[in-house]
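# A structural walkthrough
Letter by letter, the chains look like this.
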Amino acid sequence: MDPDALRVGIGHDTHRLEPGGPLRLGGLELPSDYHAVGHSDADCLLHAITDAVLGAAALGDIGEMFPDTAEINRGRDSADMLTEAIARARQSGFRLVNLDCIVHLERPKLTLHKQKMLERIEAIVGLPPYRVGLKAKTGEKVGPVGNSEAVMAECVALMYREP
Ligand code: MG
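Residues numbered from 1 in each chain as written. Predicted model: local features only at pLDDT ≥ 70, side-chain atom pairs only at ≥ 80, totals over all residues. Heavy atoms only, no water.

As a further point, take helix H1 (residues 44-56). With 13 residues, H1 extends 19 Å between its outermost C-alpha atoms, agreeing within 8% with the 18 Å of an ideal straight helix rising 1.5 Å per residue. The buried count for H1 comes to 12 of 13 residues, which makes it a mostly enclosed element. For H1, the complete set of buried residues consists of Cys44, Leu45, Leu46, His47, Ala48, Ile49, Thr50, Asp51, Ala52, Val53, Leu54 and Ala56. Downstream of H1 by one or two residues, Ala58 has phi in the positive range, about 55°. (Helix = DSSP H or I, 4+ residues; strand = E, 2+ residues; numbered from the N terminus. Expected span 1.5 Å × (residues − 1). Buried < 20%, exposed > 50% of the residue type's maximum accessible area, 1.4 Å probe, protein only.)

Following this line, the structure appears as structure tokens:
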């Protein structure tokens, strides 16, 4: 097997939560008692996916590609950043195979929103449903997630090099 044919990348992100919704997550505005704080639109899940894509293609990380010191990135739609990361990976010869994601959030419970979030992510990254996984975990009422002080997300991305 060609060792350059497949690449895996991992992404993680944490954002602080403050009172007052809605919560931007997975490219959607979810009804919530909290919102995430950040320089861009603070979409923790899309940031983790973006870092996983950039990692698989060895293109650095989201902070290097979209610095939070740049005015252009203030309040920026994270879907734009993810779209651009995928385009850059494609320029390097890599295409997405699949994503698997975990969101850590105490509330709202994501069960009701998971399907819409999946559909939004699939639309942004251009993958069919059977190639995108999304799991939601609470913090069991302990730690920053459990106390609704933070939202966290992880993602692994598999990419293949176009022959
Ligand atoms: Mg972030």
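Where H1 contacts helix H4 (residues 114-125), the axes come no closer than 12 Å and their chain directions differ by 40°. For the element pair H1 / H4, the angle class is oblique. Judged by the sense of rotation from one axis to the other, the crossing of H1 with H4 is right-handed. Counting all contacts with H1, which are made through Leu45, Leu46 and Ile49, the residues of H4 involved are Met117, Ile121 and Ile124. Grouping the amino acids of the contact of H1 with H4 by side-chain chemistry returns six nonpolar, no polar and no charged. (Axes fitted to C-alpha atoms, helices over the stretch in contact; angles between N-to-C directions. Parallel < 35°, antiparallel > 145°, perpendicular 65-115°, else oblique. Left-handed = near helix turned anticlockwise from the far one by under 90°. Contact = heavy atoms within 4.5 Å. Nonpolar A, V, L, I, M, F, W, Y, C, P; charged D, E, K, R; others polar.)

Next up on the list: the side chain of Asp41. Inspection of the secondary structure puts Asp41 in the loop between strand E4 (34-37) and H1. Judged by its relative accessible area of 15%, Asp41 falls in the buried class. A polar atom in the side chain of Asp41 sits 3.2 Å from the backbone nitrogen of Asp43. Looking at Asp41, its side chain comes within polar contact range of the side chain of Ser78, at 2.4 Å. Beyond its immediate sequence surroundings of up to four residues, Asp41 is in contact with Arg24, His47, Gly75, Arg76, Asp77 and Ser78. (Polar contact = N/O pair within 3.5 Å; in protein donor to acceptor, adjacent residues only side chain to side chain.)

Around the magnesium ion, the protein supplies Asp13 (OD), His15 (NE2) and His47 (ND1) as donor atoms, at distances of 2.1 to 2.2 Å. Look at where the donors of the magnesium ion fall in the sequence and you get D-x1-H-x31-H. Of this pair, Asp13 sits in strand E1 (residues 6-19) while His47 sits in helix H1, and the two are 34 residues apart along the sequence. Across the pair, His47 and Asp13 agree in class, each one buried. (Donors = N, O, S within 2.8 Å, 3.2 Å for Na, K, Ca; no water.)

The terminal C-alpha atoms of helix H3 (residues 78-91) lie 20 Å apart, and with 14 residues this matches the ideal 20 Å at 1.5 Å per residue to within 8%. Among the residues of H3, Ser78, Ala79, Met81, Leu82, Ala85, Ile86 and Ala89 are the ones counted as buried. Down the axis of H3, the buried set is contained in an arc of 160°. They therefore lie on one face. Of the surrounding elements, those touching the buried residues of H3 are H1, helix H2 (62-65), strand E5 (94-104), H4 and strand E7 (150-161). Between the side-chain oxygen at the start of H3 and the backbone nitrogen of Ala79 there is a gap of 2.9 Å, and the oxygen is on Asp77. Looking one or two residues beyond H3, the residue adopting positive phi is Gly93, at roughly 100°. (Arc of directions from axis to C-beta.)

Remember that the coordinates give geometry; whether it matters functionally is a separate question.
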